[in-house]
Each structure stands twice: as C-alpha cells, then as structure tokens.
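Here's the letter readout for the chains.
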Amino acid sequence: MKKYLKKLFSTKPILFGCLAGLFLLIICTAVFMRYIFSGLPPVYEMEEYTPSLTTRVYDRNNKLIHEFSIEKRSMVPLSEIPVDLQNAVVAMEDREFFEHAGLSFKGIFRAALHDLIHVSAKQGASTLTQQLSRGVFLSQEKRLIRKIREIILAVQIEHQFSKQEILQLYLNQMYLGRGAYGVKSAAKRYFNKDLSELTTGEAAIIVGLVPAPERYNPFTNPELSRQRRDLVLSVMKEQGYITQEEYEAAKQEPMPTRQTVTEEYKPGLYFIEHIRRVLEEKYGTETLWKGGLNIYTTVDIDQQAAAEQIMNDRLQKLDERVAKSLGIDITPKEPQPQETPEGEEAPAEEETEPDFPRLQGAFMVRDVKTGAVRVLIGGREFDESKFNRATQAKRQPGSSFKPYVWMAALQKGYTPATLVKDLPTMFYNDGRNWRTFDETSDLYSLDLAKQSFISSKDFNVWVPQNYGGRNEGWITLRRGLEKSKNLVAVNLIDTVGVPAVVRVARKAGITSALPRVPALALGVSVLTMDEHLAALTTFANAGIHTDNYYIERVEDANGRILEQHIPMEKAAFSPQDSYLLINMMKGVVQRGSGRYVSRLGRNIAGKTGTTQSHRDMWFVGMTPRTAAIGWMGYDDDSAYADKIHLEGSNTGHWWSDIMEELLKDEPNDDFAVPEGISFAYINPNTGKLAMPTERNKFWEAFIKGTEPKSY
C-alpha cells in the first residue's frame, strides 16, 4: 500500500501537467472558435441580402436613358435563367451540388489529387455554397482563417436555404468580367442578348468565365475562350446534360468577335448630371449607385438629342465666322494622303488646335403649365466640362429682363397704348441714391449738363442710350418692348420705381440678388437660366407660377415610391395683366427684335437679350404649351462675338431651328384671352383710338375700362 501511494504521489506532477495542458487547450480552442465565429455574419442576413444593383433612369416616355452603377448587375429569378446555363454551372463548379450539405469531400480529394499528378481539373475544391459565402460575406484573401469561416458559413447557409435559392443567388452574384455581375448582365455585355435568347454555346462561354473572367474573355483571348467553352460543353455531355448532337452543334457556334455593347455618345448628360447632384445629396451615394432605384424623369430624350445636335452644329458655324473675322481658320480639314517611299510608314500627322475659345451655349425647354423640364443642355462637350451653364452659371440677362419692368408698368395702370418716353435721360448718384437729372430734350443738353458732375468725385453719372443711339421721342408701351428700347426701360423704372420692378421679379420667381439701381431695367443683374425661364413662363401661364422640376417619381428596387412630384401653383399676377404682357411679347416676334422666329408661323411670345459688347446673347420664346430659352457666350466673358455683331437675335436663329423640330407635333394654339379683356383699334403712333379710315390701325388689347377715349 505504501508503495502504491508513493508511486501515485511521484506521478502527480505529470498528471497535473497533463490536466493543465488539456485545460489550456480547451481554453485556446474556445478562444479560437470565438474568434472564428465573431467574424461570421448572421446567416439570416442572407434573406435580406441585396447585392449592389443598378439604378435606372427613364425619360417621360419610360425609355431607359441612363444607368448609375458601380457594378453592372441585374437580379433575376431562377425560373428566368436558361436550364443549360444552370446545368453548366453545376457541371463545372459543383457536380455534387444537389447532394452535399455545403462541403464536398470528393471535391477536396479531387483537388488534392490534381495538385499531386498535375492533370487538367474540371472543377475546384470549393462548392457553389462556399463560393457564395465567400462572395457575399467574406473577403477574397487566401488565409486559413477565412477558409474555415467559409466552410462554417456554407454549412449554415445549406441549413437555412433551399438548393434553388442558393443557386439563384449564386447565378446573380458571381463576377463575370467587364464590370458584369450575374448572368443577366453578362449576357448583355458579351452578346447583347436577354437571357432567354442565349444558345447552349453562349451559356457555356459565360460559365467558362467563372474561374478567371479576364483570362477567358472572348474579346481579348478568343482562342482560350473557345477552348474553355468546349471544355464546359464536354463536361455537360459527360454528365448527361446535353446530347452528342447538342454538343456538336454548340461547338460549331461562332465565337463573339467584338463587344456588342459599346459606350456610344448619349444625349442628356447635363440633365443626368443635374439629377445625380440632386438625388445623391438626398439619398446618399450608396443608395443612388448601388440601391437599384428606378428614376422616372421629365426629359424627352428624343427632343433632347435633336436639340443638342442642332445647337452644336449652329454654334460651330458661328465659331467659324468669328474665327474667320480674327484671321483664324478652324474649319475641319479632310485628311490628305501622303506619299512615302516604299516600305516606310507615313509619319503621323500632328493636329494642332488653334488658340481660339469656343462659343458656349445653353438651352432649356419646359412645360408652361406644369414646369416639367423636357430638354436641358448645359453646354457643349460634356466630357470637357461638366459645368452646367443652364443651372449653375449666373449671367446678365440684358434686355430679356425687360418684361419684368413692363409688368410693373402694367400694374401701375399703364396700357399697351400708353405713350412713354424714348428720350435721353441722365442719372447721377449723390453718394446714397441714383437720381434723374432735370428733364432735358436732347443729348447735347445732357452732355453739357453732365460736365459739372464728371469733375466731382462725389457724383457718378450714367447716361443710357438705345442700341444704335437713336430715339423716337414718345412711343407706345408696346413699341418700346417690341423694339427693346433701353431709354423706355430706364424711364419706366424711374417712374414706377426700382422696388416695384424688384417685387415683380420676385413674384415671378427670380431668387438671385437684384441690385436696386436704374440699370436693373437693362438686365445688369446676374441670373441662372433655369430661374429666368421659370419666371418668364409665369406670364405665359396666365400669371400662375410653377417651379421647374426634373423628376416625376423615384422608386426603390422593390417598386416602393420614395418620392413623387406634387404640382404646386402660386398665383403671382392677374390673368389680365399677364395677357397684356404676353400679347406685347408676341409683337417682339412678329415685328420686333425677334422677328426671325416668326418664320415658324406660330403664336410665340418672345424676348431677345444682349449685354454690353455682346458678352451674353439670349432668346426666350413661349407658346401656350411650351417655353424655351437659349443663351450663348464665352465662359471667360470675352467679347469675341462683337467682331461679327452677334446678338440675341442670332440666338433666336438657332432657337427657332431647334423649336421647329420640337414643336412639329404641337397644335398651333394662341394664348387664351381671359375675362375682362377688350380690344380696340388704335393709332400705333399716338396710342389713341384709330379712325375707321386709317390704314395702319392696330388691334390692341386692354383691360376693360382702360381703352383710349379719344381719337
């Protein structure tokens, strides 16, 4: 007994050491397993897993016009994926897919055997479920820890989901090169086909891409791609998925020789960029680029494309005219053949662009009543400059600002037949306000009067003039607008007051800062094109203001509406005053500075606008249904166009070329006459009632009770 106890106590350190080692092993294993499982996501997240999807943008006719995506991906149900494609994936990537529980020991053994004897393997060690777990939740780095997590997660996925669900997600998830994720995107990328149109051979090409998409790309490595396709078909035949006849027929199918989906020029890029900036700020970059939104916009992409082509062509011709006046030749040159000695290559001809700035342009079209923007052109060559001159640039509107002044006069009781001063006027600034110098009758008297002010540092003097320097004395309010008389504008703003004009502009929709100076009447403020168009359109809409809008609605990937445009109207002016102004603006097109546009033979109310030295040239025109505005000038605010006397009427030329195309299906309606309007024949020179025998009498509109009473 003593010997036994002695022996037991002599072995106690060894026993304790073993127990301690076992305990330490258990602790380390537990810590290791905790570390392993801590890196695993909850497998139930697979139920809500949504891979990065493509956001699609549609025009007003539900035509797809753009896609926002980090990855080219489309999700489709398994029922819409060809059986040949499903079979090919199972045959090549996981032939025991429908038998194993997430881990294929046969596949592992087969891969190990391949490494030993170096023969061509027909599938790898990872099951489809392992590949899916790696693609969805885990990184692609080759580490033992990741491999263990991949196996555990694959087993969990097999217990949570059916084989059909796993296969469906795999076929929509896998990367197939050229930015294509999933078989639907690959079918479009490589064959420009829908999934239902794929042949057996084409399905084999797609599946052949799985292990190395760039290596087996049919466009860059056609021979390797063909060999890989034939291998996929051979495996499918061996496993009974296709017959010998189907195998032979599929091998005879031609290989794709070039990418069918090319990055062609797309119209409407300034419009797309505008809505990107708006929606990215609202929903965030992740949602816009990966959320699979459906964005339904107001743009008419066919009209957009036509407008872009016409504007670019016309501005190019104007560029050539301006360059020619400066002694520069920028006309496109035909390449000339060069004679070279036999066996030598012709030297590359270097093209040098002349140092000459290009005219820029911008153009917008909107619905008069709703504000829906149908066309938005922010400039020429979007790739060169994404700066949107229609929504981001602020330019002086010049005489296109005058309708706000005329509306202020109408609100003060003026009529289209009221006589207004087209007479020289001098303004001086006394250090606090701009004031009108005492009335004089001619420029000579004003010139003498201003001399005393010029010598004083305390005074600023401004003597506006009409374009061309001529004035007509007293003329009707209508004629002043039709001929875009500067002196009438400044005399009007002096009479009705600058604050009254500012109030009109604000009510119409102008939000930019407006200087409280008499020169405001001539458009010295700076505005964006979109606010100017929305404001002027208020007059064509019977005095009701509606904002421009670009998006009808936005839906998420499940069709749930995230936002939808709600029409908002605001009564800004009376229908009667608005009609009188629009009726005068029709005269601008029929007889005035915009008469070139009258060639369209439509009822169009318009206004030209030209700033000093022709730095900004505008034309805005409106029918009862459609309003459009055009601008051209130079980004550096230079005055090259002054060399050939370009002005707002030149903008009206290409404006009318565009609108001739855009309005071809629009009825030629006239502006509706509201209640409370009457008409009378007047003498266009005196503004009084015309005698029945007068030959040049004019049929003028008035608010009832304001018609002239005398002849």
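Residues numbered from 1 in each chain as written. Predicted model: local features only at pLDDT ≥ 70, side-chain atom pairs only at ≥ 80, totals over all residues. Heavy atoms only, no water.

*Asks:* Is there a simple way to explain helix 19 (residues 498-508) in this structure?
*Replies:* One turn of an α-helix holds 3.6 residues; hence residues three or four places apart share an orientation. Buried residues of helix 19: V498, A500, V501, V502, V504, A505 and A508, and no others. On its buried side, helix 19 packs onto helix 15 (402-411), helix 18 (486-496), helix 20 (529-540) and strand 13 (544-545). Note on helix 19: the residue one or two positions beyond its end, G509, has a positive phi of about 130°. (Buried < 20%, exposed > 50% of the residue type's maximum accessible area, 1.4 Å probe, protein only. Helix = DSSP H or I, 4+ residues; strand = E, 2+ residues; numbered from the N terminus. Contact = heavy atoms within 4.5 Å.)

*Asks:* Sorry if this is basic, but what is going on with the confidence of the model for the protein chain here?
*Replies:* Atom-level detail of predicted coordinates should not be read off regions where pLDDT is low. Taken over all residues, the pLDDT of the protein chain has a mean of 83, while the share at 70 or more is 76%. Under a pLDDT of 50 for its full length, residues 118-124 has, in the predicted model, 15 contacts with residues more than four places off or in other chains. Confidence drops under pLDDT 50 across residues 138-142; counting only partners more than four residues distant or on other chains, this segment forms 12 contacts. (pLDDT = per-residue confidence, 0-100.)

*Asks:* What's the story with the packing of aromatic side chains in this structure? I'm lost.
*Replies:* Working definition: an aromatic ring pair is given by the centre-to-centre distance plus the angle between the planes. Taken as a whole and judged by the stated rule, the model has 14 aromatic pairs. Where Y58 meets Y296, the ring centres are 5.0 Å apart and the plane angle is 15°; that geometry is what we call stacked. Placement of the pair is Y58 in strand 1 (residues 55-58) and Y296 in strand 5 (residues 294-297), with a sequence separation of 238 residues. A relative accessible area of 14% places Y296 in the buried class. Residues F363 and W654 carry aromatic rings whose centres are separated by 6.2 Å and whose planes lie at 55° to one another, so their mutual orientation is tilted. Within this pair, whereas F363 is found in strand 6 (residues 360-367), its partner W654 is found in helix 22 (residues 648-662), the two being separated by 291 residues in sequence. For the pair shown, F363 and W654 are each scored as buried. Taking NZ or CZ as reference, K163 lies 4.6 Å from the ring centre of F97, over its face. (Phe/Tyr/Trp six-rings, centres within 6.5 Å; stacked < 30°, edge-to-face > 60°. Lys NZ or Arg CZ within 6 Å of the ring centre and 35° of its normal.)

*Asks:* How should I be thinking about the environment of N471 in this particular structure?
*Replies:* Along the chain, the position of N471 falls in the loop between strand 11 (460-462) and strand 12 (473-476). Overall, the relative accessible area of 32% leaves N471 in the partly exposed class.

*Asks:* Teacher, can you tell me more about the packing of helix 15 against helix 19 here?
*Replies:* The geometry of a pair of packed helices is captured by two quantities: the angle between their axes and the separation between those axes. Put simply, helix 15 and helix 19 touch, their axes get as near as 8 Å, and they point 110° apart. If you check the angle between helix 15 and helix 19, you find them roughly perpendicular. In this structure, the crossing between helix 15 and helix 19 has a hand that is right-handed. In this structure, helix 15 contributes Y404, V405, M407, A408 and Q411 to the contact, and helix 19 contributes A500, V501, V504, A505 and A508. (Axes fitted to C-alpha atoms, helices over the stretch in contact; angles between N-to-C directions. Parallel < 35°, antiparallel > 145°, perpendicular 65-115°, else oblique. Left-handed = near helix turned anticlockwise from the far one by under 90°.)

*Asks:* How should I be thinking about the nonpolar core in this particular structure?
*Replies:* Among soluble globular proteins, nonpolar side chains are generally buried collectively. Formed by 80 residues in total, the largest nonpolar core has its most connected members in Y404 and W406. Setting aside chain neighbours within four positions, we find Y404 in contact with V501, V504, A505, A508, I510, H532, A535, L536 and F539. With 47 residues, the next largest nonpolar core counts I157, A187, L198 and A203 among its residues. (Core = buried A, V, L, I, M, F, W, Y, C linked by side-chain atoms within 4.5 Å.)

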